[in-house]
10 protein chains.
Amino acid sequence: MPQPELLEIFPNPHPGRDYEIRMTCPEFTSLCPLGGIESDATELALLKGGAPDFGTIEITYVPDQSCIELKSLKLYLWSYRNDGIFYERAVNRILDDITARLAPRWIEVVGDFNVRGGIKSVVTARAGTKGP
Amino acid sequence: MPQPELLEIFPNPHPGRDYEIRMTCPEFTSLCPLGGIESDATELALLKGGAPDFGTIEITYVPDQSCIELKSLKLYLWSYRNDGIFYERAVNRILDDITARLAPRWIEVVGDFNVRGGIKSVVTARAGTKGP
Amino acid sequence: MPQPELLEIFPNPHPGRDYEIRMTCPEFTSLCPLGGIESDATELALLKGGAPDFGTIEITYVPDQSCIELKSLKLYLWSYRNDGIFYERAVNRILDDITARLAPRWIEVVGDFNVRGGIKSVVTARAGTKGP
Amino acid sequence: MPQPELLEIFPNPHPGRDYEIRMTCPEFTSLCPLGGIESDATELALLKGGAPDFGTIEITYVPDQSCIELKSLKLYLWSYRNDGIFYERAVNRILDDITARLAPRWIEVVGDFNVRGGIKSVVTARAGTKGP
Amino acid sequence: MPQPELLEIFPNPHPGRDYEIRMTCPEFTSLCPLGGIESDATELALLKGGAPDFGTIEITYVPDQSCIELKSLKLYLWSYRNDGIFYERAVNRILDDITARLAPRWIEVVGDFNVRGGIKSVVTARAGTKGP
Amino acid sequence: MPQPELLEIFPNPHPGRDYEIRMTCPEFTSLCPLGGIESDATELALLKGGAPDFGTIEITYVPDQSCIELKSLKLYLWSYRNDGIFYERAVNRILDDITARLAPRWIEVVGDFNVRGGIKSVVTARAGTKGP
Amino acid sequence: MPQPELLEIFPNPHPGRDYEIRMTCPEFTSLCPLGGIESDATELALLKGGAPDFGTIEITYVPDQSCIELKSLKLYLWSYRNDGIFYERAVNRILDDITARLAPRWIEVVGDFNVRGGIKSVVTARAGTKGP
Amino acid sequence: MPQPELLEIFPNPHPGRDYEIRMTCPEFTSLCPLGGIESDATELALLKGGAPDFGTIEITYVPDQSCIELKSLKLYLWSYRNDGIFYERAVNRILDDITARLAPRWIEVVGDFNVRGGIKSVVTARAGTKGP
Amino acid sequence: MPQPELLEIFPNPHPGRDYEIRMTCPEFTSLCPLGGIESDATELALLKGGAPDFGTIEITYVPDQSCIELKSLKLYLWSYRNDGIFYERAVNRILDDITARLAPRWIEVVGDFNVRGGIKSVVTARAGTKGP
Amino acid sequence: MPQPELLEIFPNPHPGRDYEIRMTCPEFTSLCPLGGIESDATELALLKGGAPDFGTIEITYVPDQSCIELKSLKLYLWSYRNDGIFYERAVNRILDDITARLAPRWIEVVGDFNVRGGIKSVVTARAGTKGP
C-alpha cells in the first residue's frame, strides 16, 4: 500500500525565489487491480494480485517553504510496488500525497505508462498556481 | 463497421480536478472505401473491399464524470479493421463516438496515417473547452 | 509547368467543426531556373534546363466546405518536376493554387529544401485565419 | 487465408551476377488464432476471430532467374489480414511460399512483431546458400 | 521465487529448418538480495526485502522440437518480481530454466539492467551450438 | 536516358594502396516504366511517362588507376531523372556503367528506394574483389 | 569551495539590443554533502567527503553592459569539483554569483543532474525580466 | 574581414504577404581574436592568427521588398573564415549587415557554436517586428 | 591516487559456463597531469592540479572463478577523481588493476573521453582469450 | 600547407600490449583546389583560393613505441585550413604523415566530408597489420 508517511522534506534553501524542481522516476511499477487489459483469471490466481504495470513518474514543483528529500521520494514510489491501483487514481494520489506533505506553490505529476493492449497511456494532473 | 456500443466508461476517480488523459494506439487499421490512392480495380476485386490504411490514433481528454475503460477502447478501435472509411471521416467519427459516450470537458483526436502515394496525412479534431 | 487544374476536392465530411488536416510530401522536386547555386553553364546545357532541387512540402489547413483529394494533390506536386522555379515563388504559388481551388478557413505551406552550397532553406507562408 | 497464387515474378535483369534485393513491409497484420496473449473469450466473440497482430516483414533474397513483382508481394501480404496464424508459422510460411514461386539462390524472412503482454518477438528464417 | 513450472511449450511448426526466435521483455524486475548498491539497512527494513532492480531480458533461440509459449514466458518472468537475486545469477538461471524445459538447439539470454550507483550492467550467457 | 559518357575520371593519387571511397547521393530520382505500383493509366497519361521514383544511391569502391570525378557523377545520376527504369535494372546499370569507365579493384552499388505500396526496397550489387 | 571571484566579464559589444547568450556545460561535478542517496558511511570515510554528483549546467542570459568571459566561467564551474552542495542550493548559488558579477537584464540557470537512486533531477531558477 | 558588399538581393516575389524564410549554414568558421579558450601563445604564433571556431548560423526573416540571394549569402559567410571575431560580435554583425542590405520586416540570427573548454555557446539576436 | 585495494570480488555463480558481463560507468573523471590540451599555467595554479577530464569507462569480461562486486568498482573508479593521468595510461591501468584482482578469462576496457581541443578520444585495451 | 613537422609523439605507456586509440576531429576544414563542385570562377576570384570543404577526420591506430600527442594533432589538422587539396589526397596524406612520425603497428584514417553537389563522400585508408 502507498505509504505517504515515508515522504520527508527539508527547508527550501532559497524560499524568496520562484524556481522549479523536476524529479523523474522511470522505474515506477504497481499492479492493476483487475489484472489489467492483458490478463485473465488464471494468471491472476498465480500472482495472487493483479498484473504488473510499469511507467515513468515525473514530478515538477515550485517549492514554497520545503523541498522533497530525494531518497524518501524513492522509498515512497517503491511503496506502490505490490499495490493494485488504476493509472488515473495513482497519478492523482501521488499528487495529493506530495501536496499534503510539501505544500508547494505549484505542482504537476505526469504518469507515462507502458503499452497495454496495444495502447499507451499518459495521465497529467496539476495543483496550485504558477507565479506570474 | 465501427461499433461505438463497445465503448465502456468508469467513474472519474478525481472529478474535482481538471487533469488530462492521453491514450495512443499505434495499431489502428481500416480500409479505404475506394481502394485508395495506391490500388486499382483488379486489386480491389481480390480483396473484396478497399486497400488497407494504417495509422496511429491519439486521444487526449479532460474527464468530467467518467473515464474511458482502456480495454473497451481497444475493442472499439479494432471495429474499424474491415470498415471502409476516409481519414477525415474516421477522426471526426471517433471524436463524436467518444464524446457521446464519455461527455468529457475537452477532447482531441489525432489520426496520424502512414504514407500513401508518397504523402503522409495527419488529421486533428477537438471538442469542448479546456479549463483556464 | 505547375498544373493547378489537376487539384480535385471533395465535400468536407464535418463542415460544422474547425479541424486540421496536414499532408506532407517528402518527394517534391523541381528545377532551379538559373541552374542554381551549385551548377555552371556546361552542366545546364547538358540538362536542357536547370539543376534539380529537392525538398519536402508540408500543407496544413482547416477545411471549410471542401477537402483536397489526396491523389490529385500528388499529381499536382508532380507537375513541378520539370519546371524551373525559385523556392520562395514555389511555396507562395502552391499556397495560392490550393487556396483558389479549396477556399480553406486557414492554410499554411512549408517548403523544406535540401542543402545547396552548404546552406539549407525553409520557406513558410500562410493565408486565412485560425478559429479562436 | 494466405494466397500464394497472388505472387508474381519477372525475369531477373542481371542473372549473371549475385546481388541482393531487400523488401520491407511495415504494415503487416494478421489475427492470432487463439485470441492471443492479451484477449479473452468475450473479446474474441465480438471479433469473430482472433485478436489482431501487427509487425514488419523484411524479405531479403539473391535472385536466380526471377525477381518478385512488388505489387503482387503487397497483395500477397495483404492476404494474411483476416487469417489466424502464429508468428513462427507466418514467417516460415512466407519463406516457403516465396521460395516455391521464386526459386531464389538465397532468401531470408524476418518478422518483427509488436509488443504483446509486454514482450516483443522477432522471428528469422533462411533458405538456400549465399555465394562465396 | 522464480517458478520454472510456469513455462509452457508448443510443437515447433517447422522443425526441419534452423531459424531464430527473439523475445524481448523490457519490464523485468526483481529485488537485490542485499538491498543493492544504492540502499542502506533502514530502507530495507521498510521494504521487508531488497531494493528493486529493473532491466530488459532478451531471449534468442533456435528451436528444436518445441517453441516457448509467449504468455507462459510472461508469467515466468513475472515470478521474479519479489525474488532477491543478483544479475549474474538471474541471467544464468533464466538460461537454465528455459533450456531444461525447451531443449533448444541454441539459446542466448541477455539481461540489460538499469543504472545503479552510476554504473549500468549487461550480462550475456549462451548454451548449445548454432548450425553451420 | 542514362548518359554514361558524362562520367569523368582522374588519376588515383595513391595507386599503391588499397583504400575505399564512398559517395552517397540521397537525391536520386527516375521514373517507373509502367507507372509503378501506385499509379493508374489516367495518371500516366497526364505525366507522359511513368510515376516518379525516389531513392538514395550509395557507391563504394576501391580505386585502381582512377577515381570518379564527383561533379561528373552528379551529372550522370541526374541523367536518370526522366528515364523509365526498374530498381533492379537501375542498380545493375549504374554498377556496369561506372565499372566500364573506372575499372575499380572492387565496387558496390546500393539503391535504397522510398516506400511504394507500403513496401520499401533496397537493391545491392557488387563487382571485383576486395584485397586481403 | 565555489570561487565567484574567478568570474570575469567583458563589455557587451551591442548593449543597445536585447539578445540572448546560452552557455551549456555538460561536465559539471560536485560532491553530495551527506554522501547522497546512493552511499553509506563506509564509502564516505574512504572518500573523505561526499559521493560525486554529475550534471549539465545551462546558463542563458540577456546581457546589459557586460558579457561573461567563457574561460572564466569554465574555471568558476570547476571550483565546485570538491565542494559538498545540494542540487537546489548549487543552482541558486550559480544564479546568485553570476548575477552579482554580471548584472544581466535576465538570466536562467538549469541544472540537469544524473540519475541517483533511479531518479533524475532538474532544477531551474531565473532572475530579472525579459524585454517585451 | 567580413565583406557585407558580397550580399546580393532580389525582389520579393510575393511582397503582399507576411511569410518566413530560414537559411541554415552548418559550415560557419572564423578565428578567435585571442586564440580562444583552448589555445596558448605558441599555438597562435604558428597559426599567425587565432584558433579556429566552428558553428552553425541560422538566419530567419520575413522579407519586405527583397530576399537574400542564396549564393551571395554563402560568399558573405565565407568571408569570416580568416577573421578574428568573438561569438557575440559575430552574431550581432551578421544581423546588422543583412538588415542594412535587406531591410526585412523581421529577422533573427542564431549562432550555435561548437564546444570550447567543455562549454557550448549559442547566441541569438533579433530585429524588427513580426506581423500580428 | 587510484586505489586498486578497493576492488572486491565474489564467487562466480556459474563458473562452468563462458558468459559475459559488461559494466558501463558514464561518470568517470580524472585530472590531466599537465593541465591538458585546453588549459594554461594560470588556470592550473588556481586548481592546484590539472584540468579535469571526463569520460565513460566500459568494462566487459568473461568471469573465471570470480565476479567484480559492483559497489566496489564504483569506489575504485571514484579514486581517479583527483588523480593526474593520461587517457592511454588510465585505460591500461584499469585493465591491469582489475585483471590482477579478478583473473578473468577475457577482459576489455574502453575509455571514451569527452572532446578536448575539438578532438574526441577513445582508447580500447584487451587481455586474455575468448572461448571458441 | 599541411605541416607534418607539427606532429609530436610521446612514449607508449604500455608497449607490451596491442591496444587501440581512436581520435575523432569533427572540425576539419580545407579548400578545394579547383573551387569545388559548387563554385564558379567569380567566387574563386573573390576568395583568392578554392571553396571551403568541411568534414570529420577519424584516426584509429595500434601504437608501437609511441603515441600521438593530442594538442600537436590538433595543430597539424589546423594546418590544412587554407590549403587546397582533394579528399582522396588529404586522407592518404594524413595517413602518410602520421605513419612517418609515429610508426604505429596499424592505422586507419577516415575522412567523412560534407555534402557537395548533393553527394556525400567518405574516404578510408589503412596501413600496417592488426595483431591476431
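Since this is a predicted model, take the numbers as computed values, not measurements.

K.L.:
What should I look at first to understand the overall build of chain A in this one?
P.N.:
The helix and strand tally for chain A stands at 3 helices and 6 strands. When the helices and strands of chain A are placed in sequence order, the string is β-β-α-β-β-α-α-β-β. Scored against the burial criterion, the 132 residues of chain A give a buried share of 61%. Expressed as a percentage of contacts within chain A between residues at least 6 apart in sequence, the contacts between residues at least 24 apart total 74%. On chain A, roughly 4,900 Å² of surface is accessible, and the fraction owed to carbon and sulfur atoms is 56%.

K.L.:
Quick question: what am I supposed to make of helix H3 (residues 87–102) of chain F here?
P.N.:
Given 3.6 residues per helical turn, the α-helix brings residues three or four places apart onto the same face. In a regular helix each residue adds 1.5 Å, so 16 residues correspond to 22 Å; H3(F) covers 22 Å between its end C-alpha atoms and thus fits that length. A positive phi of about 50° marks F:Ala103, the residue just after H3(F).

K.L.:
Whenever I open this one, unusual backbone geometry confuses me. Can you help?
P.N.:
Only a minority of non-glycine residues have a phi that is not negative, and only a minority of peptide bonds are not trans. Even without a glycine there, the phi angle at G:Ala103 is positive, about 50°. By the secondary structure assignment, G:Ala103 is in the loop between helix H3 (87–102) and strand S5 (106–116).

K.L.:
Where do I start with the packing of helix H2 (residues 70–78) of chain C against helix H3 (residues 87–102) of chain C in this structure?
P.N.:
When two helices pack together, their arrangement is captured by the angle between the axes and the distance separating the axes. Residues and elements named next belong to chain C. Here H2 crosses H3 at 140°, and the two axes come no closer than 12 Å. For the element pair H2 and H3, the recorded crossing hand is right-handed. Across from Leu-73, Tyr-76 and Leu-77 in H2, the residues of H3 making contact are Arg-93, Ile-94, Asp-97 and Ile-98. For the contact of H2 with H3, a count of residues per class yields 5 nonpolar, no polar and 2 charged.

K.L.:
Looking at this model, I keep getting lost on helix H2 (residues 70–78) of chain H. Mind explaining?
P.N.:
Taking burial as the measure, the 9 residues of H2(H) include 9 buried ones, the bulk of the element. One side-chain oxygen of the residue at the start of H2(H) lies 3.3 Å from the amide nitrogen of H:Lys71, identifying that residue as H:Glu69.

K.L.:
Got a minute to help me understand the packing of aromatic side chains in this structure?
P.N.:
Two numbers describe a pair of aromatic rings. These are the distance of the centres and the angle of the planes. As enumerated under the stated definition, the model contains 45 aromatic pairs over all chains in all. Ring geometry for D:Phe28 versus D:Tyr80: centroids 5.4 Å apart, planes at 55°, classification tilted. Separated by 52 residues along the polypeptide, D:Phe28 in strand S2 (residues 19–31) and D:Tyr80 in the loop between helix H2 (70–78) and helix H3 (87–102) bring together distant segments of the chain. Assigned by exposure class, D:Phe28 and D:Tyr80 land together as buried. Just above the ring of F:Trp106 sits the side chain of F:Lys130; from NZ or CZ to the centre is 4.4 Å.

K.L.:
How should I be thinking about the side chain of G:Asn92 in this particular structure?
P.N.:
For G:Asn92, the position within the fold is in helix H3. A relative accessible area of 2% means that G:Asn92 is categorised as buried. Within the structure, G:Asn92 has its side chain in polar contact with the side chain of A:Arg17 (distance 2.8 Å). Once residues within four sequence positions are removed from consideration, G:Asn92 is found in contact with A:His14, A:Arg17, A:Tyr19 and G:Ala125.

K.L.:
What should I look at first to understand the pattern of salt bridges in this one?
P.N.:
Close approach of charged atoms allows side chains with opposite charge to pair. Here the structure, examined in full by the defined rule, presents 100 salt bridges over all chains. Residue H:Asp53 is joined to H:Arg116 by a salt bridge in which the shortest nitrogen-to-oxygen separation is 3.6 Å. Of this pair, H:Asp53 sits in strand S3 (residues 52–62) while H:Arg116 sits in strand S5 (residues 106–116); the two residues are 63 residues apart in sequence, bridging distant segments of the chain. Accessibility classification places H:Asp53 together with H:Arg116 in one group, the buried group. Among the salt bridges present, the one from I:Arg93 reaches I:Asp97, with a minimum N-O distance of 3.2 Å. Taken together, the positions of I:Arg93 and I:Asp97, both in helix H3 (residues 87–102) and 4 residues apart, correspond to about one turn of that helix.

K.L.:
Please clarify how the environment of C:Glu5 should be interpreted in this entry.
P.N.:
Among the structural elements, C:Glu5 can be located in the segment before strand S1 (9–11). Taking the C-alpha atoms as reference, C:Glu5 lies 8.1 Å from C:Tyr76; in sequence the two are 71 residues apart.

K.L.:
How should I be thinking about the environment of F:Cys67 in this particular structure?
P.N.:
Within the secondary structure layout, F:Cys67 lies in strand S4 (residues 66–68). In this structure F:Cys67 comes out as buried when scored by relative accessible area, which is 0%. Considering only alpha carbons, one finds F:Cys67 and F:Gly84, 17 residues apart in sequence, at a separation of 28 Å. Discounting chain neighbours no more than four positions away, the residues touching F:Cys67 are F:Glu8, F:Ile9, F:Phe10, F:Asn12, F:Pro13, F:Tyr19, F:Ile21, F:Tyr61, F:Leu102 and J:Glu88.

K.L.:
It is not clear to me how the state of the cysteines should be interpreted in this structure. Could you clarify?
P.N.:
By definition, a disulfide links the sulfur atoms of two cysteine residues through a covalent bond. Enumeration over the complete set of coordinates arrives at 0 disulfides over all chains. Between D:Cys32, a cysteine without a disulfide, and E:Cys67, which holds the nearest cysteine sulfur, the sulfur-to-sulfur distance is 14 Å. Note on G:Cys25: no disulfide assigned, nearest cysteine sulfur contributed by I:Cys32 at a separation of 17 Å. Judged by its relative accessible area of 8%, G:Cys25 is buried.

K.L.:
I would appreciate a short explanation of the environment of I:Ser121 in the present structure.
P.N.:
Among the structural elements, I:Ser121 can be located in strand S6 (residues 119–128). The class for I:Ser121 is buried, based on a relative accessible area of 3%. C-alpha of I:Ser121 to C-alpha of I:Thr29: the two residues are 92 residues apart in sequence and 14 Å apart in space. Apart from the residues within four sequence positions on either side, I:Ser121 is in contact with I:Tyr87, I:Gly111, I:Asp112, I:Phe113, J:Arg22, J:Met23 and J:Leu70.

K.L.:
Can you walk me through the pairing of strand S6 (residues 119–128) of chain A in this structure?
P.N.:
Two faces, one strand: in a regular strand the side chains alternate between the faces of the sheet. Pairing of strand S5 (residues 106–116) of chain A with S6(A) involves 9 bridges; the strand directions are antiparallel. From the neighbouring strand, A:Val109 faces S6(A), where its bridge partner is A:Ala125. Here S5(A) folds back onto S6(A), and the loop between the two strands holds 2 residues, one of which, A:Gly117, carries a positive phi near 60°. Strand direction decides the pairing type here: S6(A) and strand S2 (residues 19–31) of chain B, joined by 6 bridges, are antiparallel. Bridge pairing links A:Val123 to B:Ile21 in S2(B).

Quick notes on the rules
Residues numbered from 1 in each chain as written. Chains lettered and ligands numbered in written order. Predicted model: local features only at pLDDT ≥ 70, side-chain atom pairs only at ≥ 80, totals over all residues. Heavy atoms only, no water. Helix = DSSP H or I, 4+ residues; strand = E, 2+ residues; numbered from the N terminus. Buried < 20%, exposed > 50% of the residue type's maximum accessible area, 1.4 Å probe, protein only. Contact = heavy atoms within 4.5 Å. Areas by Shrake-Rupley, 256 points an atom, 1.4 Å probe, with all protein chains shown as cover. Expected span 1.5 Å × (residues − 1). Axes fitted to C-alpha atoms, helices over the stretch in contact; angles between N-to-C directions. Left-handed = near helix turned anticlockwise from the far one by under 90°. Nonpolar A, V, L, I, M, F, W, Y, C, P; charged D, E, K, R; others polar. Polar contact = N/O pair within 3.5 Å; in protein donor to acceptor, adjacent residues only side chain to side chain. Phe/Tyr/Trp six-rings, centres within 6.5 Å; stacked < 30°, edge-to-face > 60°. Lys NZ or Arg CZ within 6 Å of the ring centre and 35° of its normal. Salt bridge = Lys/Arg side-chain N within 4 Å of Asp/Glu carboxyl O. Disulfide = S-S within 2.5 Å. Pairing = 2+ DSSP bridges.

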